[in-house]
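# Tertiary structure, described
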Amino acid sequence: GPIDKPIVETIEKACGTIWDRKGKRLRCHFVYWFSEPYQIPPKDLELYSWAVEAIHTATLLHDDVIDKAEMRRAGPSANQIFDNTIPVLSGDYLMSDAIHQLSLKGHPLLLQGMCLALKQLSQGEILQYQNQFKIADSEDYYRLICDLKTASLLKWAASVGPTLVESSDRIHAIDFAIAYGLLYQFTDDLLDIRGTHTKNHLQDLKEGKLNWAAWKVVQNNSD
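Just so it is clear, the structure is predicted and the values come from calculations on it, not from any experiment.

### Looking at helix H7 (residues 139–164)
Quick reminder: α-helices carry 3.6 residues per turn. Residues three or four places apart thus point the same way. Between its terminal C-alpha atoms H7 stretches 35 Å, which fits the 38 Å expected from 26 residues at 1.5 Å a residue. Of all the bends found along H7, the most pronounced is centred on Ala151 and spans about 60°. Most of H7 sits out of view: 20 of its 26 residues are buried. At the N-terminal end of H7, a side-chain oxygen is found 3.2 Å from the backbone nitrogen of Asp140, two or three residues along, and the residue is Ser138. A positive phi of about 55° marks Glu166, the residue just after H7.

### A word on the pattern of salt bridges
Between side chains of opposite charge, pairing is possible as soon as their charged atoms come close. The tally for this structure, following the rule as stated, stands at 8 salt bridges. Residues Asp44 and Lys43 are paired through a salt bridge, measuring 3.2 Å at the closest nitrogen-oxygen approach. Residue class for Lys43 comes out exposed when judged on its relative accessible area of 59%.

### Some thoughts on the packing of aromatic side chains
The final tally for this structure, using the stated rule, is 11 aromatic pairs. An angle of 55° between the planes, with centres 5.7 Å apart, marks the rings of Tyr142 and Trp215 as tilted. A residue pair is termed long-range when its members are at least 10 positions apart, and Tyr142 in helix H7 and Trp215 in helix H10 (residues 212–220) qualify at 73 residues. Like Tyr142, the residue Trp215 is buried in the burial classification. By way of ring pairs, the aromatic residues Phe30, Trp33, Phe34, Phe176, Tyr180 and Tyr184 are connected into one cluster.

### Some thoughts on the environment of Phe186
Relative to the assigned elements, Phe186 resides in helix H8 (residues 170–194). Since its relative accessible area comes to 25%, Phe186 is described here as partly exposed. Separated by 27 residues in the primary sequence, Phe186 and Ala213 have C-alpha atoms spaced 6.3 Å apart. Setting aside chain neighbours within four positions, we find Phe186 in contact with Trp212, Ala213 and Lys216.

Parameters and conventions
Residues numbered from 1 in each chain as written. Predicted model: local features only at pLDDT ≥ 70, side-chain atom pairs only at ≥ 80, totals over all residues. Heavy atoms only, no water. Helix = DSSP H or I, 4+ residues; strand = E, 2+ residues; numbered from the N terminus. Expected span 1.5 Å × (residues − 1). Bend = angle between axes of the 7 residues up to and from the residue. Buried < 20%, exposed > 50% of the residue type's maximum accessible area, 1.4 Å probe, protein only. Polar contact = N/O pair within 3.5 Å; in protein donor to acceptor, adjacent residues only side chain to side chain. Salt bridge = Lys/Arg side-chain N within 4 Å of Asp/Glu carboxyl O. Phe/Tyr/Trp six-rings, centres within 6.5 Å; stacked < 30°, edge-to-face > 60°. Contact = heavy atoms within 4.5 Å.

Below is the structure:
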C-alpha cells in the first residue's frame, strides 16, 4: 500500500509482525466486493483497501498489548518480540498514516467515515474493558460491542463503492455489514469456546471477558 516509509525502521518491523502474516484481508475484500457492481476500476480502490487494512493492523497491535497476547496469526505477537511501547506507537503511526493518506487523496466523506469508525472502535474497546469480570444484563450489550468494534470497519469498507458513485445503495451495504459483523463476532466467540490451532481455548474468559456465545450458555444454565 501507499504507506509513507517511516524514518524509524522499527516501526515497519513491528507492523510487519502482523502485516506480513496477512490473515483473511476481509475488510480489504469488502472494499472490492461492494464496489464491483459499479464497475469502479480496481486502481481507484487501492487507497481505500490499504487504508482499512492498515487501520485494522494498527488496532491489532494495540489489542495485543491490552490483552497481553502472546500469539497473533500463528506467530509471536509484536509485544512479545519487542515490548509494549513499540507496538503501541507503531500502531499509532500506521493509523495516522492511513488518515493522512485518505486526507490527501481520498473522498472527503470516506475520510469522515473513517474518523467516525475510529471513534467507535475506541469506545467499543473501553466499554469492553469496563465490563471485565461482569455478566451482561442483556444481549443489547453484545450487539453494541459488535457494532462499535467488529462492524465499524466492515461498514466503512462496504460503503466505499456506493460513496464514490453517490449511490443510495450505501445504506443497504452498511446494513449488510452490521449483520455480517454480528455473525462474524458470534462465530469467533464459538471458536474461542472450542479452541482452534490458532486460538487458545477460553482465552476470552481468561481475560475476564464473558463473550456472547459463553453468555448464551450461562443464560441457559446458570449453574
